[in-house]
Amino acid sequence: MTGFALSHIKRIHLELTEKCNAACPLCIRTNPNGLRPQSYIGSSELTLKDIRHFLYAEIRDQLVDVHMCGSYGDPIVAKDCQEIADYLCSENCSVSISTNGGARNAAWWAQLGTILSRNHRSRVDFHIDGLADTNSFYRRNTNFKRIITNARAFIDAGGLANWEFIPFRHNEHQVEHAHNLSKEYGFARFTIKKSNWIFSEEKTKIPFTARDGTTHYLEAPSKKYLPSKDSKSMSRHYTSTSNDDIQCLALKNNELYISCEGIVYPCCWTARFARNIYLGRRTKDGFSKLFKQYGGKERFDLRKNKLPEILDNDFFKILSDHWQEKKPPICYKKCGKKDQPQKIKSSNNP
């Protein structure tokens, strides 16, 4: 494969919104000094009307999966999240959603469960980092009881749910208990997510200031819950090659990323850095300069250009040429060096 082509696109990574109900200290949208949204966070959001326009029937019908996540917001907070899932989910196309689970009520979640039950691969990944006394230490502004009520309503309505758990010092003692609860409540899978971008040997605790002015620390978990230093052995990107050449996961999966502003990118990582260009912020990721050179935000905006026109841009044809030189840096970092988080997945199904 030498580039992205509309006829090959089978998957869409969709960022519905940059809004979120939570204030996680390490999230890119959160200012750790006060736990309020960063100054560059706005209220951009995709509506059902947008999605119908961007992914009209001809394109929608060739898709096999749509993943709702993104960089800045929680998809559940988007006003039309459920309606968009209804439009996209079918017997042939699955919809997966990544969320903290704290927004909406049980009735809304039950309806979502009914919608996603149309496709056996559709699912919701609930990111729950602890139990009633610990989850909200990191997942600030969320309520464990409400999350579990929402998740169980979703599951009872036929939805497939997974529980994802990031271990820290303050919650690692609850991993086994949480795993057992996930079985009891009907979650299909329990996943321990060892994040290698958070802590290091030099940085074992990270300070943040709550909205009341008090200082707290996120501390590294014990070695048991830290990823192996052999990153190649844990990467979902890794294949048996003799070097670390860029192997684009988006291209391999025939996937595109659509941001909450309606901009088309190869993936969420390139989107995150390209955004710096039109925010007037300096960046050395390499992709942003190339993106701007071929038209930037205006050229790749789905509200101004149809997807076939955007993918016909030379940018999507030449990007892979740069990979031979291990460029742009962000592409090499994420799909070359393969430093992705390690996930330990445990199926709850017999």
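Just above, that's the structure.
These lines cover the structure that appears in this document, whether it is placed above or below. (Residues numbered from 1 in each chain as written. Predicted model: local features only at pLDDT ≥ 70, side-chain atom pairs only at ≥ 80, totals over all residues. Heavy atoms only, no water.)

Digging into the environment of C69
Topologically, C69 is positioned in the loop between β4 (65-68) and α3 (81-88). With 181 residues separating them in the primary sequence, C69 and A250 have C-alpha atoms 15 Å apart. (Helix = DSSP H or I, 4+ residues; strand = E, 2+ residues; numbered from the N terminus.)

Describing the nonpolar core
One finds L14, L88, L116, F126 and W163 to be the most contacted residues of the largest nonpolar core, which totals 83 residues. Top element by residues in this core is helix α6 (residues 144-156). It accounts for seven residues. By size, the runner-up hydrophobic cluster in this structure holds 14 residues, among which are L26, I198, F199 and L218. (Core = buried A, V, L, I, M, F, W, Y, C linked by side-chain atoms within 4.5 Å. Buried < 20%, exposed > 50% of the residue type's maximum accessible area, 1.4 Å probe, protein only.)

With respect to the side chain of D65
Relative to the elements of secondary structure, D65 occurs in strand β4. A polar side-chain atom of D65 sits 2.6 Å from a polar atom in the side chain of S94. Excluding its chain neighbours within four sequence positions, the residues that come into contact with D65 are K10, R11, I12, C93, S94, V95 and S96. (Polar contact = N/O pair within 3.5 Å; in protein donor to acceptor, adjacent residues only side chain to side chain. Contact = heavy atoms within 4.5 Å.)

A few points about the pattern of salt bridges
Pairs may arise between side chains of opposite charge once their charged atoms sit close together. A full pass over the atoms with the stated rule returns 13 salt bridges. Across the pair E45 and K19 runs a salt bridge, and its minimum N-O distance is 3.4 Å. With E45 in the loop between β3 (36-37) and α1 (48-54) and K19 in the loop between β1 (11-14) and β2 (30-31), the pair connects residues that are 26 residues apart, well separated along the chain. Look at E45 and you get buried, because its relative accessible area is 15%. Relative accessible area serves as the criterion here: at 31%, K19 is assigned to the partly exposed category. (Salt bridge = Lys/Arg side-chain N within 4 Å of Asp/Glu carboxyl O.)

Some details on the packing of helix α4 (residues 106-116) against α6
Between α4 and α6, the least distance of the axes is 7 Å, while the angle of their chain directions is 35°. Crossing angle aside, the handedness with which α4 passes α6 is right-handed. Residues A106, W109, A110, L112, G113 and L116 of α4 pack against T149, N150, A153 and F154 of α6. In the contact of α4 with α6, the residues fall into seven nonpolar, three polar and no charged. (Axes fitted to C-alpha atoms, helices over the stretch in contact; angles between N-to-C directions. Left-handed = near helix turned anticlockwise from the far one by under 90°. Nonpolar A, V, L, I, M, F, W, Y, C, P; charged D, E, K, R; others polar.)

What about the side chain of E18?
Mapped onto the fold, E18 is located in the loop between β1 and β2. A distance of 3.1 Å separates a polar side-chain atom of E18 from the backbone nitrogen of G42. Polar contacts involving the side chain of E18 include one to the main-chain amide nitrogen of S44, which spans 2.9 Å. E18 has contacts with R29, Y40, I41, G42, S43, S44, Y72, G73, C260 and R275, leaving out every residue within four places of it along the chain.

Functional significance is not addressed by these values, which are geometric in nature.
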